[in-house]
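Close look at the chain arrangement
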Amino acid sequence: MKITSAKVIVCAPSRNFVTLKIETDEGLTGIGDATLNGRELAVASYLTDHVIPCLIGRDPQQIEDIWQYLYKGAYWRRGPVTMSAIAGVDTALWDIKAKAANMPLYQLLGGKSRTGVMVYGHANGKDIGHTVEEVLRYKEMGYKAIRAQSGVPGLEKVYGVGRGTMFYEPADADLPSEHDWSTEKYLRHTPELFDKVRAAVGPDIHLLHDAHHRLTPIEAGRLGKDLEPYRLFWLEDTTPAENQESFRLIRQHTTTPLAVGEIFNTIWDCKDLIQNQLIDYIRATVVHAGGITHLRRIADFAALYQVRTGCHGATDLSPVCMGAALNFDLWVPNFGIQEYMRHTEETDAVFPHAYTFKDGYMHPGETPGHGVTIDETLAAKYPYQRAYLPVNRLQHDGTLCSW
Ligand SMILES: O=C(O)C(=O)C[C@H](O)[C@H](O)CO
Ligand SMILES: [Mg+2]
């Protein structure tokens, strides 16, 4: 088999997505997600200008060799743009291989290890009362695991709390919007939020929370300790993880399970975190961590240290990534949980998919490949629209801090 052509499709059905489509001389095609929120066109150019010319004529069945060729062959390794581009290629190649085998991708990976993929949904409210209502609404919809985020008194805009309740979308402006931040207000408010949420939802629902990189390690330790009575499934991204060693300080202070890694792009970003057992869940995902080929490597390494997977699954990861991730999740032995933030109807129409949700669990479906396609005619009706993630400033003096 040979790759005869490949193209990048950029479209914005409610938000921007970058999709790579690969065609072969045997009529099989595959698609991969290569979306990098707020930097989409950089990946599109990387693919079109630098990767696609190297793919033509290659055998799409040699997935590992093509992965190594793109990773080592660029000389410039790692980084979100490079690794999202490689992920787009890798996902499309796994799609083709599974179609050629006439199997859903999870079968090719080794078959299913569970009956369904437990997912967590996002309950967001403007205040504690509203968040409690939303958590109960998610419980009613069948979710077994729910992330709770709430507005903080005295802060105007807070990560995780959007305008709508089902489709929170942080990339909301054609220049970055500005949020304000106060760690003191957040740390006062969050234990009270979980006190109320846990009392309302009962002991059996898994609760999660995302601190979105805003705390120092010692503040993170304090928050983890304050949340211990509410038995969280995980506390995510408490502090930026460039310095992997800093998680040791958090660990020394709390038994609340820790998750990190949605912005990681290779195994090197989490090597120390995993081998020192400083985290419990690794959030790396198909699209930003080099595709199925590399994510599988991270998960196998994590398994040695009893670290489980918890793939990122916000709306900026396209249904193509979701389909690939669900096939991965159904197979991976050390699975923990999968994030599931529903896409809008417009997005779902552009990306018809085989995956389904029922009673808190998802299934990738039985369609050969990863089970997601793209309607190119419909996609063309939604041209790219520049959209940035917000920036954050300390409320008291305007210092730029992590968003
Ligand atoms: O879903 C999450 O946990 C996030 O933190 C979402 C991120 O803010 C989003 O994917 C950024 O593009
Ligand atoms: Mg997050």
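Residues numbered from 1 in each chain as written. Chains lettered and ligands numbered in written order. Predicted model: local features only at pLDDT ≥ 70, side-chain atom pairs only at ≥ 80, totals over all residues. Heavy atoms only, no water.

**Let's talk about the packing of aromatic side chains**
Under the criterion given, the structure shown has 14 aromatic pairs. Ring centres of Tyr138 and Tyr143 lie 5.0 Å apart, and the angle between their planes is 55°; this geometry places the pair in the tilted category. Residue Tyr138 shares its accessibility class with Tyr143, and that shared class is buried. On the numbers, 5.9 Å between centres and 55° between planes, the contact of Phe233 with Trp234 is tilted. The exposure class assigned to Phe233 is buried, which follows from its relative accessible area of 11%. You can call Trp234 buried: its relative accessible area is 0%. Taken together, the ring pairs in this structure connect Tyr120, Phe233, Trp234 and Tyr281 into an aromatic cluster. A cation sits over an aromatic face here: Arg15 above Phe17, 5.8 Å from the ring centre. (Phe/Tyr/Trp six-rings, centres within 6.5 Å; stacked < 30°, edge-to-face > 60°. Buried < 20%, exposed > 50% of the residue type's maximum accessible area, 1.4 Å probe, protein only. Lys NZ or Arg CZ within 6 Å of the ring centre and 35° of its normal.)

**Regarding empty space enclosed by the protein**
This model, assessed by the stated rule, comprises 3 cavities of 30 Å³ or more. For the largest cavity, the calculated volume is near 80 Å³. Along its surface, the largest cavity is lined by 15 residues, and Gln149, Val158, Tyr186, His209 and Asp210 are the ones closest to its centre. Broken down by secondary-structure element, the contributors of at least two residues to the lining of the largest cavity are strand S5 (145–150), helix H6 (183–201) and strand S7 (206–210). Broken down by element, the lining of the largest cavity gets its largest block of residues, 4 residues, from H6. Each residue belonging to the lining of the largest cavity can be placed in one class, and the counts come to 7 nonpolar, 6 polar and 2 charged. (1 Å grid on protein atoms, 1.4 Å probe; cavity = no way out; pocket = protein on both sides within 12 Å on 5 of 7 lines; lining within 4 Å. Points joined across faces, edges and corners; volume = space filled by probe spheres on them. Helix = DSSP H or I, 4+ residues; strand = E, 2+ residues; numbered from the N terminus. Nonpolar A, V, L, I, M, F, W, Y, C, P; charged D, E, K, R; others polar.)

**Considerations on the site of ligand 1**
Around ligand 1, 14 residues are found, and the nearest of them are Asn37, His212, Glu262, Asp316 and Glu339. Here an oxygen atom of ligand 1 and a side-chain polar atom of Asn37 are 2.9 Å apart. The separation between an oxygen atom of ligand 1 and a polar side-chain atom of His212 is 2.8 Å. Starting from 330 Å² of accessible surface for ligand 1 in isolation, the protein chains cover 94%. At a threshold of 2 Å from the grid points, most atoms of ligand 1 map onto the largest pocket. Looking at the shell around ligand 1 residue by residue, the classes come out as 4 nonpolar, 3 polar and 7 charged. (Near = heavy atom within 4 Å. Polar contact = N/O pair within 3.5 Å; in protein donor to acceptor, adjacent residues only side chain to side chain. Areas by Shrake-Rupley, 256 points an atom, 1.4 Å probe, with all protein chains shown as cover. Sits in = over half its atoms within 2 Å of the grid points.)

**Things to note about unusual backbone geometry**
Not every positive phi belongs to a glycine, and Ser14 is a case in point at roughly 85°. Along the chain, Ser14 turns up in the loop between strand S1 (3–11) and strand S2 (17–24). Phi at Gln306 is positive, roughly 60°, even though this residue is not glycine. Relative to the elements of secondary structure, Gln306 occurs in the loop between helix H10 (291–303) and strand S11 (308–311). Classification of Gln306 as exposed rests on a relative accessible area of 70%.

**A look at helix H3 (residues 80–100)**
With 21 residues, H3 ought to run about 30 Å at 1.5 Å a step, and its terminal C-alpha atoms sit 30 Å apart, in line with that. Taking burial as the measure, the 21 residues of H3 include 16 buried ones, the bulk of the element. A positive phi of about 60° marks Asn102, the residue just after H3. (Expected span 1.5 Å × (residues − 1).)

**Description of the domain arrangement of the protein**
Each assigned domain of the protein is listed here: domain 1 (3–104) and domain 2 (108–367). Taken together, the contact between domain 1 and domain 2 spans 33 residues of the former and 35 residues of the latter. Buried surface at the junction of domain 1 and domain 2, both sides included, amounts to about 2,600 Å², of which 60% is carbon and sulfur. Considering only the surface of domain 1 that becomes buried against domain 2, Asp33, Trp94 and Pro104 emerge as the three largest contributors, covering 23% of it. At the surface where domain 1 touches domain 2, the tally comes to 3 salt bridges. (Domains from an automatic or database assignment. Contact = heavy atoms within 4.5 Å. Buried area = accessible area lost by both parts, 1.4 Å probe. Salt bridge = Lys/Arg side-chain N within 4 Å of Asp/Glu carboxyl O.)

**Things to note about the pairing of S7**
Each regular strand shows side chains that alternate between the opposite faces of the sheet. Of all the 5 residues making up S7, 4 are buried; the element is thus mostly covered by neighbouring parts of the structure. Sheet topology places S7 next to strand S8 (residues 234–236); 3 bridges connect them, and they run parallel. Each residue of the ladder has a partner; that of Asp210, found in S8, is Glu236. Note on the crossover from S7 through helix H7 (residues 217–227) to S8: the handedness is right-handed. (Pairing = 2+ DSSP bridges. Right-handed = clockwise from strand over helix to strand, strands pointing away.)

**What to know about the nonpolar core**
With 111 residues, the main nonpolar core has Ile22, Val89, Phe247 and Ile282 as its most contacted residues. For this core, the two domains that each supply at least three residues are domain 1 (3–104) and domain 2 (108–367). Beyond its immediate chain neighbours, meaning those up to four positions away, Ile22 contacts Ile3, Ser5, Ala6, Leu28, Thr29, Gly30, Leu55, Val89, Ala92, Leu93 and Ile96. Counting 9 residues, the second largest nonpolar core, distinct from the first, contains Tyr120, Ala145, Phe233 and Ile337. (Core = buried A, V, L, I, M, F, W, Y, C linked by side-chain atoms within 4.5 Å.)

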